[in-house]
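Okay, here's what each chain looks like letter by letter:
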Amino acid sequence: MDPAVALIRTTLNTASLAAPGLAGRAAFELYRHPFRRSRVRPGEREVHDRAVTGTLRHGGVRVVVHRWGDGARPVLLMHGWRSRASRFADLVSRLRALGLTAVGYDAPGHGDSGGRTATVLDHRAVALRLQESYGGFEAVVAHSLGVNAAFLALREGLRAERLVAFSGASELSWLPTAFCERLGLNATVERELRRREASGAMFPGVTDIRTHFDAARDPGKIALPILVAHDEDDDVVPFSHARRLRAAYGEQLELLATRGLGHRRILTEPTVLDQVTGFLAAGTDPGLRSFDGRGSFDGRSSFDGRRSFDGPGKAVGAV
C-alpha cells in the first residue's frame, strides 16, 4: 500500500470519530485537488514540443493551449483528471495526417496551466472560449472526466460535427464513493464529503449534481455521431458508463468495447486509434469509413486488447 494513502486513511477515519466535519473538509480538499500534476511522458515529448502554444485566462487563471496545425479544420481535445493535452500525442499525429488541426489545453491545476484545480464546469468554459477563436470544431475527442465535460459543453452551445469519447464518465454521482473506496475512507467521511460537494462549494450554481452532469440526459439535444471507446477492464470508470450512454443514444452512438487496455492504454492502442481515425475521417469523406453501414465495428477477429500486454484476450468489438 502507498504509505501516503495509508496515512490519509488512518488520519481521516480516526478524525471522523470525534470531528466528522473536519475529516469531511479534509477529504473534500483532497477530492477536488489533483494529488500531483502529470508530466509530459518521454513518448509524448516530440509531439508535445511541436505544438504552437498560447494562453487564455479563465477565472483569473492562465490556461495553456496547444495547437498542432494552422487552425484549419480544428479538432478539440479534452483530457481527464490528473491528465494533460499531451496524453493525446499518438492521436495528434493521425489527425495531422488527415489534414486536421488538433487543439488541446491543460485545464487549470493540470499540466502547464496555472491554478490548483478544475471541475467539469471549468473544462466546459475553456471549450466554449476556444470556440470563440476557432468557430466550432470538426470533432471533439475527450477522455475520462473530459467526456462528461464534452457532453455538457455540447449541450450548452459547443459546436462540433462528431464526438469521440474514451473511457468516459456518463455522470458524476459515483465519484465520491469511488474516491473513498480507493482511499479506504469510511461512510462518515463520504457522507461529509458529499454534503460539502452538494453545498455548492465545488459546482457553484448547480443545485442538482446528478441531473446537471448526466451525459445521458436529453440525448436529442446532442445530434451528432458519437463513438465511445471503453475497456471492459477499466478500473477507474466502470464499463457500465459506456453501456448507459449506448442505451441513451441508441444507433447514434457506436460502442467500441475492448479488453485488457484499462483506463489509459486505450488512448495509445494503435488498433483503437485506427478505428477512431476512420470514424473522424468519415465526417468529411464517407469513402474512408471503416465502420459498416449500420455504424458498428466488429473487432472480434481483428483486435486483441491483450495482444501486446499480458495474457490472451479478444476484443468485444462494437455494440
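Refer to the structure printed above.
Not measured: the values here are computed from a predicted model. (Residues numbered from 1 in each chain as written. Predicted model: local features only at pLDDT ≥ 70, side-chain atom pairs only at ≥ 80, totals over all residues. Heavy atoms only, no water.)

Caption draft 1: Fine view of the layout of surface pockets. Within this model, the largest pocket holds a volume of roughly 1200 Å³. Around the largest pocket sit 43 residues that line it, and Trp 81, Arg 82, Arg 182, Val 236 and Arg 264 are the ones nearest its centre. Listed by contribution, the elements that provide at least two residues to the lining of the largest pocket are α1 (3-18), α2 (20-32) and α7 (175-183). The element contributing the most residues to the lining of the largest pocket is α7, with five residues. In the lining of the largest pocket, the residues fall into 23 nonpolar, nine polar and eleven charged. (1 Å grid on protein atoms, 1.4 Å probe; cavity = no way out; pocket = protein on both sides within 12 Å on 5 of 7 lines; lining within 4 Å. Points joined across faces, edges and corners; volume = space filled by probe spheres on them. Helix = DSSP H or I, 4+ residues; strand = E, 2+ residues; numbered from the N terminus. Nonpolar A, V, L, I, M, F, W, Y, C, P; charged D, E, K, R; others polar.)

Caption draft 2: How the structure looks around unusual backbone geometry. Within the chain, Arg 73 stands out as a residue other than glycine whose phi angle is a positive 50°. For Arg 73, the position within the fold is in the loop between β2 (61-68) and β3 (74-78). By relative accessible area, Arg 73 is classed as partly exposed at 30%. In this model, Ser 167 sits at a positive phi of 50°, which is unusual for a non-glycine residue. Position of Ser 167 among the secondary structure elements: in the loop between β6 (163-166) and α7. (Buried < 20%, exposed > 50% of the residue type's maximum accessible area, 1.4 Å probe, protein only.)

Caption draft 3: Highlighting the packing of aromatic side chains. Applying the stated criterion to the full structure yields four aromatic pairs. Consider the rings of Tyr 134 and Phe 137, whose centres lie 6.1 Å apart with planes at 40°: the pair is tilted. Classification of Tyr 134 by relative accessible area gives partly exposed; the value is 22%. Between Phe 203 and Phe 213, the aromatic rings sit 4.6 Å apart at their centres with planes inclined by 50°, giving tilted as the arrangement. Remark: Phe 213 occurs in the loop between α9 (209-212) and β7 (226-231) and Phe 203 occurs in the loop between α8 (187-201) and α9; sequence separation between them is ten residues. Positioned above the aromatic ring of Phe 279 is the side chain of Arg 162, whose terminal nitrogen or guanidinium carbon lies 4.6 Å from the ring centre. (Phe/Tyr/Trp six-rings, centres within 6.5 Å; stacked < 30°, edge-to-face > 60°. Lys NZ or Arg CZ within 6 Å of the ring centre and 35° of its normal.)

Caption draft 4: Representation of the side chain of Arg 246. Mapped onto the elements, Arg 246 comes out in helix α10 (residues 240-249). Of the residues examined, Arg 246 reaches a relative accessible area of 18% and is grouped as buried. Of the polar contacts made by the side chain of Arg 246, one reaches the backbone oxygen of Leu 253; its length is 2.6 Å. (Polar contact = N/O pair within 3.5 Å; in protein donor to acceptor, adjacent residues only side chain to side chain.)

Caption draft 5: Region of interest: the packing of α2 against α8. For the pair α2 and α8, interaxial distance at closest approach is 8 Å and the crossing angle is 65°. With respect to α8, the element α2 is oriented roughly perpendicular. Crossing of α2 against α8: the hand is right-handed. For the pair α2 and α8, the contacting residues are Pro 20, Gly 21, Ala 23, Gly 24, Arg 25, Ala 27, Phe 28, Tyr 31 and Arg 32 in the first and Thr 188, Val 189, Glu 192, Leu 193, Arg 196, Glu 197 and Ala 201 in the second. (Axes fitted to C-alpha atoms, helices over the stretch in contact; angles between N-to-C directions. Parallel < 35°, antiparallel > 145°, perpendicular 65-115°, else oblique. Left-handed = near helix turned anticlockwise from the far one by under 90°. Contact = heavy atoms within 4.5 Å.)

Caption draft 6: Helix α5 (residues 120-134), seen in detail. An ideal rise of 1.5 Å per residue puts 21 Å on 15 residues; α5 measures up with 21 Å between its terminal C-alpha atoms. Those residues of α5 hidden inside the fold are in contact with β1 (52-58), β2, β3, β4 (101-106), α6 (145-155) and α9. Residue Thr 119 occupies the N-cap position of α5, its side-chain oxygen lying 3.1 Å from the main-chain nitrogen of Leu 121. Where α5 terminates, the next one or two residues include Gly 135, which has phi positive at roughly 70°. (Expected span 1.5 Å × (residues − 1).)

Caption draft 7: Main features of the nonpolar core. With 60 residues, the main nonpolar core has Leu 76, Met 78, Tyr 105, Leu 130, Phe 151 and Phe 213 as its most contacted residues. Element by element, the count of residues in this core is highest for α6, at eight residues. Not counting residues up to four positions away in its chain, the partners in contact with Leu 130 are Leu 56, Val 65, Leu 76, Val 103, Tyr 105 and Phe 137. Core analysis: the next-biggest nonpolar cluster, separate from the first, contains 27 residues, Val 92, Leu 95, Leu 256 and Leu 280 among them. (Core = buried A, V, L, I, M, F, W, Y, C linked by side-chain atoms within 4.5 Å.)

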